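What follows is each chain in one-letter form.
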2 protein chains.
Amino acid sequence: MKIGFAQINTVVGDLNGNYEKIRRAYHQAVEQGADLVITPELAITGYPPQDLVFKSRFVPLNLEILDRLHGDVGAIPLVTGFVDYNPAPTGRHFRNSAAWLQRNRPIEKIHKSLLPTYDVFDEARYFEPAEETKPIEFNGKKIGVTICEDIWTKEYLPRRLYAQDPLGSLINQGAELILNLSASPFNIGKPGLRFEMLSGLARKHGLPIFYCNLIGGNDQLVFDGNSLAIDAAGKLIAQLPSFTEQITVVNPDIQNSIPQTPEFATDSADLFHALSLGVRDYLEKCGFKSAVIGLSGGIDSAVTAAIAVDALGAAQVLGVAMPTRFSSQGSIDDAVALSEKLGIRCLQIPIQKSFETVRSQFAGLFSGLPEDTTEENIQPRLRAATLMAISNKFSHLLLTTGNKSELAVGYCTIYGDMAGGLAVISDVPKTKIYELARWINRDREIIPINTITKPPSAELKPDQTDQDTLPPYDLLDEILHLYVEENLGVRDIVNKGYDEKTVRWIQRRVDLNEYKREQAAPGLKVTSRAFGIGRRMPIAQRFVE
Amino acid sequence: MKIGFAQINTVVGDLNGNYEKIRRAYHQAVEQGADLVITPELAITGYPPQDLVFKSRFVPLNLEILDRLHGDVGAIPLVTGFVDYNPAPTGRHFRNSAAWLQRNRPIEKIHKSLLPTYDVFDEARYFEPAEETKPIEFNGKKIGVTICEDIWTKEYLPRRLYAQDPLGSLINQGAELILNLSASPFNIGKPGLRFEMLSGLARKHGLPIFYCNLIGGNDQLVFDGNSLAIDAAGKLIAQLPSFTEQITVVNPDIQNSIPQTPEFATDSADLFHALSLGVRDYLEKCGFKSAVIGLSGGIDSAVTAAIAVDALGAAQVLGVAMPTRFSSQGSIDDAVALSEKLGIRCLQIPIQKSFETVRSQFAGLFSGLPEDTTEENIQPRLRAATLMAISNKFSHLLLTTGNKSELAVGYCTIYGDMAGGLAVISDVPKTKIYELARWINRDREIIPINTITKPPSAELKPDQTDQDTLPPYDLLDEILHLYVEENLGVRDIVNKGYDEKTVRWIQRRVDLNEYKREQAAPGLKVTSRAFGIGRRMPIAQRFVE
């Protein structure tokens, strides 16, 4: 049986656009000889639809689209995702569902059994789990249709979360092959993990698995595609590309004879392409064509600009250098050199005079008080006002350039360098930013070497460097990983051999700066735990262990 | 049996502080003659602990506190709330639990059965529901211990969400009275609703109910207390005060003989006290002592300042007027008059010169282009930079003054008037702001009459009024209520008789401005649906129906 994969990029809430995309992909796969076509999870609504499902017209219109698709298909079935009503009087109002659509056959519906409600997922907010799930008969075969989490086994989850076992149930009922409609967001290492899990499952149960994943950026989430076809021995039959749409028909009988190994990019390559797709799709899906970026001459803004150029094209990216008297000539030169290498326009708008004028507002009020971060913070806030004026006037989306390490400890100014519509690298720790910069420069110097080698500095007062305030970045990133991603307490981190004073300083800074992150621009998630929708911390709280 | 109510104000994550508070309240109630003492839900951890429960030391330390409390109590039982582990290998890792603590008796644990996972609640993210719940025997009586949602019946929920019926099960097992440990957030009308529900339940089942609710502000949520004791006929035995801590012992035998009616304040009074408590607790729990507010002379900042003065005292509130040449003398006079009436200090820091200097940065870049909102937005952004400098220098928390109507349609400037640590009135529609202002002025003029009667204006260009851009506020608020709180689609609102063009304009503005709200200051929730954690909308989305 030849399986058509519609690895498409849906838009959340764009029911008509998604309809067209599914319909075209279906016909294309059928023309390529598919016997059956599958799409990602919730393809009709886009994923995740979030609270849109509560809108009075949302689910009814998505059901109309489902009927329209049913009218479009021929004898070759299409299996796609939609939001169904839960007809029972009790429980959540909706289902996360798949539909088997085939001419002259009533729509058959399959509901998701395992509803992720952790990290970035909120499915128990909306959906009632399936009570049972049955294989679908087609061409004399029993086909098990599953939706994303349904096939994730406990080893790959935060813990054994579910009592149900939809895959086991389908196999007990004689399922001979498994389809999975997925919307599995990218993080570093995830594509390889998925292959490992699916391959293990196929081998364990002696069944082929056809796994169709979403691609595209949706706010903080980037879906990488990387759809997989795996044979009953756990071997790879076919792998669809990452970070791009593709319609592919997989013929297990032919392809099975060719031994294949999965191909996964390096972490830096994956990271770059994930961020680039996240930027491109956020702008496109929000209706923006171009971006503006503040260029400091430092590595964060340089990496952000390189990603933006890849995503949008050099002509659609505007750099702006906004020096004060604390800015070194070297920094301005680095910003200019970067712009030349990227081929983007770079404006120079000094803010020194504005800085002096705003400071003069406080001549009386602050008189006799020592200078402190107050005066430092005025500078990034004036840069934000400057960049936002350019954004407002020319409809360029402002991209934020802060990294995860500084966002974690609050080494950033709210309404200043944190301002922007999308935070491109806010889930990338500083040490990984350096790796990314070297990867960007792998063939030729795009990011000026000086930007990479000089000590990082905010340049908000004379002779400042990040390391005046922060622990060395490699140490900071290790401890942040344990504290933020692993949720280890201070004592548990110290027990691993880290200096208690440093750990306590980091704990305090991370917790105190929750209020800044509450107002941060949405950031692209690329690690297993990002700040943003997947980490929900109270602001007014006093836990310090 | 005399029931001691410990209606206390816990702090999220402050395990030791909450321990002291519970212990003291217990002893106080025992001294007042209680036979049994109850606290709010999750009193040991504070509510809601959110992702703090995932921290490696959080649940273990809360269990240590539970043991410590067990060691403190005497023969009079204490029933309090904590986070337990789920010992089963499958399911969520934790339980939302209550403990029956009594000397010479092992700790008895009761787990919450109904876990709200809608609006602001995320309990299915953390907790596994109870499989069963049993009455506890005490002094020859069977006592049913329930936790918050466990007693909420389907008529008062978004829909019949749960298959379980913990209250029915307890009654079937012979429960003779019901205790409920609650953390039920305030919204307008909720206190009366709770009485209606509890009274109906008591009457239906012929059982007394003792309902102990949390008081205090925790980020976006304000808990109002209003704990209730209700007899088996559904009549009120006792009502604890709203918005304040109180330890009260209720003797049903005596108090039952006195017919009582519940006393609920007017909407405006409740609203004012809820917001005041929200401000006071946010500052106190975050470690701030004082606040700064930008005073425009308009009604929003006037109402916000009046609330802040009630919450913090006049000496702890600083007003700042920041006129440009578009500010009328009347507005400055109104800001000064308000400050005098409130007894707060008012600084005048004109920003006209800064505005001109920042504008001059763009003399070349914007040359030949018409003026638009770009130039308007520079003004609130300079005001934000000014207020944040004062906040940074003097550690005053900046309070944001925007109302719900303008936040809904984006009639506000991101990084400008939206800047601040807490948005005091961001869940209050403009029409209710006027009601609140009149209530504040009920005894004497605090908010200048001119502030209430003049047409609202942002004063960002000559002769501007809100109604140049927005529909009349009474119409806007009606449609916003249907669109945002009721989730009605455009067609459904038009079918109620509203003008389609106006409805479409509002729908478009609300949806387009999701990106601003994503970065808004946390706002105090006082309606059934606020922007913030209880409304989760995608930004990059295209649903327009």
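None of these values were measured; they are calculated from a predicted model.

1. With respect to the overall build of chain A
Stage number 1. Counting its secondary structure elements, chain A contains 17 helices and 19 strands.
Stage number 2. Projected onto the principal axes, the alpha-carbon positions of chain A cover approximately 85 × 50 × 50 Å.
Stage number 3. When each of the 545 residues of chain A is scored for burial, the buried share is 57%.
Stage number 4. Within chain A, residue pairs in contact and separated by at least 24 positions form 71% of the contacts whose partners lie at least 6 positions apart.

2. So, the domain arrangement of chain A
Residue and element names in this part refer to chain A.
Stage number 1. Under the domain assignment used here, chain A contains domain 1 (3–264), domain 2 (271–466 + 513–518) and domain 3 (471–512).
Stage number 2. Using C-alpha coordinates to define each centre, domain 1 is positioned 39 Å away from domain 2.
Stage number 3. Secondary-structure elements contributing two or more residues to the side of domain 1 that touches domain 2 are β10 (215–218) and β11 (221–224).
Stage number 4. Residues that form the side of domain 1 that touches domain 2 fall into these classes: five nonpolar, three polar and one charged.

3. Structural notes on the interface of chain B and chain A
Stage number 1. Counting residues at the interface gives 82 residues for chain B, matched by 82 residues for chain A.
Stage number 2. Contributing elements (two or more residues each) for the side of chain B that touches chain A: α2 (58–72), α6 (267–286), α9 (352–360), α10 (373–394), α15 (490–494) and α17 (514–518) of chain B.
Stage number 3. If you tally residues by element for the side of chain B that touches chain A, the top one is α10 of chain B, at 13 residues.
Stage number 4. Residues of the side of chain B that touches chain A, tallied by class, amount to 39 nonpolar, 22 polar and 21 charged.

4. Some points on the relation of the copies chain B and chain A
Stage number 1. Between chain B and chain A, the superposition needs a rotation of 180° and an axial shift of 0.0 Å, giving an RMSD of 0.0 Å. Taken together, the turn and the small shift mark the pair as related by a two-fold rotation axis. Residue Gln 519 of chain B of chain B places its C-alpha closer to the rotation axis than any other residue of that unit, at 2.1 Å.
Stage number 2. An overlap of 100% is found between the interface residues of chain B and their copies at the interface of chain A, pointing to a shared contact surface.

5. Some remarks on unusual backbone geometry
Stage number 1. Across the junction of Tyr 47 of chain A and Pro 48 of chain A, the peptide omega takes the value -5°, indicating a cis bond.
Stage number 2. Looking at the element boundaries, Pro 48 of chain A is found in the loop between β2 (36–38) and α2 (58–72).
Stage number 3. Unusually for a residue other than glycine, Glu 459 of chain B sits at a positive phi of about 50°.
Stage number 4. Turning to its location among the elements, Glu 459 of chain B is positioned in the loop between α13 (449–453) and α14 (473–485).
Stage number 5. Note on Glu 459 of chain B: 21 C-beta atoms within 10 Å, which makes it buried.

6. A few points about the packing of helix α1 (residues 15–31) of chain A against α2 of chain A
Think of two packed helices as two axes; the pair is described by the angle between the axes and how far apart they sit.
Residue and element names in this part refer to chain A.
Stage number 1. One can describe the packing of α1 onto α2 by two numbers: an axis separation of 10 Å at closest approach and a directional angle of 20°. Classified by the angle between their axes, α1 and α2 sit roughly parallel to one another. Classified by chirality, the crossing of α2 by α1 is right-handed. Across the interface between the two elements, Leu 15, Tyr 19, Ile 22 and Arg 23 from α1 touch Leu 61, Asn 62, Ile 65, Arg 68, Leu 69 and Asp 72 from α2.
Stage number 2. Tallied by class, the residues present in the contact of α1 with α2 amount to six nonpolar, one polar and three charged.

7. Quick word on the sheet that holds strand β15 (residues 290–294) of chain B
Residue and element names in this part refer to chain B.
Stage number 1. The strand order β17-β16-β15-β18-β19 describes an open sheet built from five strands, whose pairing is parallel. Where the open sheet ends on each side, the last strands, each with one partner, are β17 (345–348) and β19 (422–423).
Stage number 2. Pairing of β15 with strand β16 (residues 317–321) involves four bridges; the strand directions are parallel. Looking at the pairing, Gly 294 lines up with Val 320 of β16.

8. Overview of the sheet that holds strand β12 (residues 228–230) of chain A
All names here are of chain A.
Stage number 1. The mixed open sheet is built from six strands, whose spatial order is β6-β7-β8-β9-β12-β13. With partners counted over all chains shown, the strands left at the sheet margins are β6 (136–138) and β13 (236–239), one partner each. The sheet shows a mean angle of 20° between the axes of neighbouring strands, taken without regard to direction.
Stage number 2. Relative to β12, helix α4 (residues 190–205) is tilted by about 25°, and along the sheet it contacts β9 (209–213) and β12.

9. Observations concerning the pairing of strand β7 (residues 141–147) of chain B
All names here are of chain B.
Stage number 1. With five of seven residues buried, β7 lies mostly within the body of the structure.
Stage number 2. Sheet topology note: the strand β6 (residues 136–138)/β7 ladder contains three bridges and is antiparallel. Counterpart to Phe 138 in the pairing with β7 is Lys 141.
Stage number 3. From the end of β6 to the start of β7, which pair antiparallel, there are two residues, and Asn 139 there has a positive phi angle of about 50°.
Stage number 4. Pairing analysis gives five bridges linking β7 to strand β8 (residues 177–182), with the strands arranged parallel. Paired with Val 145 across the strands is Leu 179, a residue of β8.
Stage number 5. Between β7 and its parallel partner β8, the chain crosses via helix α3 (residues 166–172), and the hand of that crossover is right-handed.

10. Quick look at helix α1 (residues 15–31) of chain B
Residue and element names in this part refer to chain B.
Stage number 1. An ideal rise of 1.5 Å per residue puts 24 Å on 17 residues; α1 measures up with 24 Å between its terminal C-alpha atoms.
Stage number 2. Turning to α1, its buried residues number three or more, namely Leu 15, Asn 18, Tyr 19, Lys 21, Ile 22, Ala 25, Tyr 26 and Ala 29. With its buried residues spanning 170° around the axis, α1 presents them on a single face. Projecting away from the buried face of α1 at angles above 90 degrees are the exposed residues Asn 16, Glu 20 and Glu 31.
Stage number 3. Those residues of α1 hidden inside the fold are in contact with β1 (3–7), β2 (36–38), α2, β3 (78–85) and β14 (246–250).

11. Some thoughts on helix α6 (residues 267–286) of chain A
Residue pairs spaced three or four apart in an α-helix point in one direction, given the helix's 3.6 residues per turn.
Residue and element names in this part refer to chain A.
Stage number 1. Across its 20 residues, α6 extends 28 Å between first and last C-alpha, which sits within 8% of the 28 Å expected from 1.5 Å per residue.
Stage number 2. Judged by how many residues are buried, α6 sits mostly within the fold: 14 of 20 residues are covered.
Stage number 3. Once α6 finishes, Gly 287 follows within two positions and takes phi at roughly 85°, a positive value.

12. Concerning the pairing of β15 of chain B
All names here are of chain B.
Stage number 1. Of all the five residues making up β15, four are buried; the element is thus mostly covered by neighbouring parts of the structure.
Stage number 2. Judged from the three bridges that link them, β15 and strand β18 (residues 396–400) form a sheet pairing that is parallel. Each residue of the ladder has a partner; that of Ser 290, found in β18, is His 396.
Stage number 3. Each parallel crossover has a hand, and the one from β15 via helix α7 (residues 299–312) to β16 is right-handed.

13. Structural notes on the environment of Glu 406 of chain B
All names here are of chain B.
Stage number 1. Summarising the element assignment, Glu 406 is placed in helix α11 (residues 404–409).
Stage number 2. In this structure, the C-alpha to C-alpha distance between Glu 406 and Gln 361, residues 45 residues apart in sequence, is 30 Å.
Stage number 3. Not counting residues within four places of it along the chain, the set of residues in contact with Glu 406 comprises Tyr 411 and Cys 412.

14. A few points about the packing of α6 of chain B against helix α12 (residues 430–440) of chain B
Residues and elements named next belong to chain B.
Stage number 1. Running from amino to carboxyl end, α6 crosses α12 at an angle of 90°, the nearest separation of the two axes being 9 Å. When the axes of α6 and α12 are compared, the pair comes out roughly perpendicular. Across the interface between the two elements, Ser 268, Ala 269, Leu 271 and Phe 272 from α6 touch Glu 435, Leu 436, Trp 439 and Ile 440 from α12.
Stage number 2. Residue classes in the contact of α6 with α12 are distributed as six nonpolar, one polar and one charged.

15. Regarding the environment of Leu 177 of chain B
Residues and elements named next belong to chain B.
Stage number 1. Position of Leu 177 among the secondary structure elements: in strand β8.
Stage number 2. With 21 C-beta atoms packed within 10 Å, Leu 177 lands in the buried category.
Stage number 3. Leave out the neighbours within four places in its chain, and Leu 177 touches Lys 141, Ile 143, Leu 207, Pro 208 and Phe 210.

16. Here's the deal with the environment of Arg 159 of chain B
Residues and elements named next belong to chain B.
Stage number 1. Along the polypeptide, Arg 159 turns up in the loop between β7 and α3.
Stage number 2. The exposure class assigned to Arg 159 is partly exposed, which follows from the 13 C-beta atoms found within 10 Å.
Stage number 3. Residues Arg 159 and Val 11, 148 residues apart in the sequence, show an inter-C-alpha distance of 31 Å.

17. Topic: the confidence of the model for chain A
Stage number 1. The predicted model of chain A averages 96 in pLDDT, with 99% of residues at 70 or higher.
Stage number 2. For this predicted complex, the interface score ipTM comes out at 0.96, alongside a pTM of 0.97.

Parameters at a glance
- Residues numbered from 1 in each chain as written.
- Chains lettered and ligands numbered in written order.
- Predicted model: local features only at pLDDT ≥ 70, side-chain atom pairs only at ≥ 80, totals over all residues.
- Helix = DSSP H or I, 4+ residues; strand = E, 2+ residues; numbered from the N terminus.
- Buried ≥ 20, exposed ≤ 12 C-beta atoms within 10 Å, placed from the backbone.
- Contact = placed C-beta atoms within 7 Å.
- Domains from an automatic or database assignment.
- Nonpolar A, V, L, I, M, F, W, Y, C, P; charged D, E, K, R; others polar.
- Least-squares fit on C-alpha atoms with pLDDT ≥ 70 in both.
- Axes fitted to C-alpha atoms, helices over the stretch in contact; angles between N-to-C directions.
- Parallel < 35°, antiparallel > 145°, perpendicular 65-115°, else oblique.
- Left-handed = near helix turned anticlockwise from the far one by under 90°.
- Pairing = 2+ DSSP bridges.
- Right-handed = clockwise from strand over helix to strand, strands pointing away.
- Expected span 1.5 Å × (residues − 1).
- Arc of directions from axis to C-beta.
- pLDDT = per-residue confidence, 0-100.

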